[in-house]
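Summary of the model geometry
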Amino acid sequence: MTQDEMKQAVARAAVERIRPKLENDTIIGVGTGSTANLFIDALAEVKNDFGGAVASSEATAERLKSHGIEVFDLNSVDQLAVYVDGADEFDRHLHLIKGGGGALTREKIVAAVAREFVCIVDSTKKVDLLGEFPLPVEVIPMARSYVARELVKLGGQPVYREGVVTDNGNVILDVHDMEILDPKGLEQQINNIVGVVTNGLFALRAANVVLMGTESGVETLHDTH
């Protein structure tokens, strides 16, 4: 199975996993990125089985609408049955790094509202220790240099993602060479820096389950605490 075929397989597996939970008024959260896009395409086949979706980015909203799936503003929704999204990295405790596509803040908000977070990935995203993939940090533009200096103090090498403005009008620093031994602690520590909107560590709200595409099929992974 190629990487693209693995992504296709987990996208279909995610639809099959959530399908029994879908009712006419069910609203689901949908993530952003290449694997999430494949999930949206597969979700279109059952679009008459549920009420609609909340999107974690403008791009996702457009793709959902193109398939005739109604998109809701999160402020009009009390709770989401499930949130389905990909990840840039994940560890055995289902802690994630997300934000390679720049939608980390909205992704984190939508995940917070969902009862279940289903992460869909291919096997290349599994790591023993988070941090090989640069950690994205969304920052208020005027605080960029200050936040960068604070991130250096934490042991990282922040790089400004030039030419990128998030859907929220902010900028992104990608932090390289960060040794992430305590994902939950580091997530809080970075979020406490003045000027940071949020960072791409999803440890305080980790995935509930990871569907991982492998060469031999889709594996379902749970936290190994």
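Throughout what follows, the structure given in this document is the object of discussion.

The rules behind the values
- Residues numbered from 1 in each chain as written.
- Predicted model: local features only at pLDDT ≥ 70, side-chain atom pairs only at ≥ 80, totals over all residues.
- Heavy atoms only, no water.
- Helix = DSSP H or I, 4+ residues; strand = E, 2+ residues; numbered from the N terminus.
- Buried < 20%, exposed > 50% of the residue type's maximum accessible area, 1.4 Å probe, protein only.
- Contact = heavy atoms within 4.5 Å.
- Polar contact = N/O pair within 3.5 Å; in protein donor to acceptor, adjacent residues only side chain to side chain.
- Axes fitted to C-alpha atoms, helices over the stretch in contact; angles between N-to-C directions.
- Parallel < 35°, antiparallel > 145°, perpendicular 65-115°, else oblique.
- Left-handed = near helix turned anticlockwise from the far one by under 90°.
- Nonpolar A, V, L, I, M, F, W, Y, C, P; charged D, E, K, R; others polar.
- Pairing = 2+ DSSP bridges.
- Salt bridge = Lys/Arg side-chain N within 4 Å of Asp/Glu carboxyl O.

Structural notes on the environment of aspartate 167
Here aspartate 167 shows up in the loop between strand S8 (157–160) and strand S9 (171–176). Relative accessible area serves as the criterion here: at 39%, aspartate 167 is assigned to the partly exposed category. In this structure aspartate 167 touches Ser57, Glu58 and Arg106, once residues within four positions along its chain are discounted. At 2.9 Å, the side chain of aspartate 167 and the backbone nitrogen of glutamate 58 are in polar contact.

Comments concerning the packing of helix H1 (residues 3–18) against helix H2 (residues 34–43)
Think of two packed helices as two axes; the pair is described by the angle between the axes and how far apart they sit. Direction vectors running N to C along H1 and H2 enclose 50 degrees, while the axes themselves pass 8 Å from each other. Relative to H2, the element H1 lies oblique. Pair H1 / H2 crosses with right-handed handedness. Residues Lys7, Gln8, Val10, Ala11, Arg12, Ala14, Val15 and Ile18 of H1 form the contact with H2, whose participating residues are Ser34, Thr35, Leu38, Phe39, Ala42 and Leu43. Of the residues belonging to the contact of H1 with H2, the class tally is 9 nonpolar, 3 polar and 2 charged.

Here's the deal with the sheet that holds strand S10 (residues 196–199)
In space, the 4 strands of this open sheet follow the order S8-S9-S7-S10, with antiparallel pairing throughout. Because the sheet does not close on itself, it has two edges, and the strands there are S8 and S10. Pairs of neighbouring strands in the sheet enclose a mean axial angle of 30 degrees, with direction left out of account. Taken together, the 3 bridges between strand S7 (residues 135–139) and S10 define a ladder with antiparallel strand orientation. Bridging across to S10, valine 137 finds its partner in asparagine 199. In this fold helix H5 (residues 144–153) packs onto S7, S8, S9 and S10, with an angle of close to 15 degrees to the strand it touches most, S9. Packing against the sheet, helix H6 (residues 183–191) makes contact with S7 and S10, and its axis sits at approximately 165 degrees to S10.

Things to note about the side chain of aspartate 91
Within the element layout of this structure, aspartate 91 appears in the loop between strand S4 (89–90) and strand S5 (96–97). Reaching out from aspartate 91, the side chain makes a polar contact with the backbone nitrogen of histidine 93 at a distance of 2.9 Å. Those residues in contact with aspartate 91 that sit more than four places away from it in its chain are Val127, Asp128, Leu130 and Pro183.

Observations concerning the pattern of salt bridges
As a working rule, side chains carrying opposite charge can pair if their charged atoms are close by. The final tally for this structure, using the stated rule, is 12 salt bridges. We note a salt bridge from arginine 63 to aspartate 41, for which the minimum N-O separation is 3.0 Å. With arginine 63 in helix H3 (residues 58–66) and aspartate 41 in helix H2, this pair connects stretches of sequence that are 22 residues apart. Overall, the relative accessible area of 30% leaves arginine 63 in the partly exposed class. Linked through salt bridges whose partners overlap, the residues forming this network are Glu16, Arg19 and Asp49.

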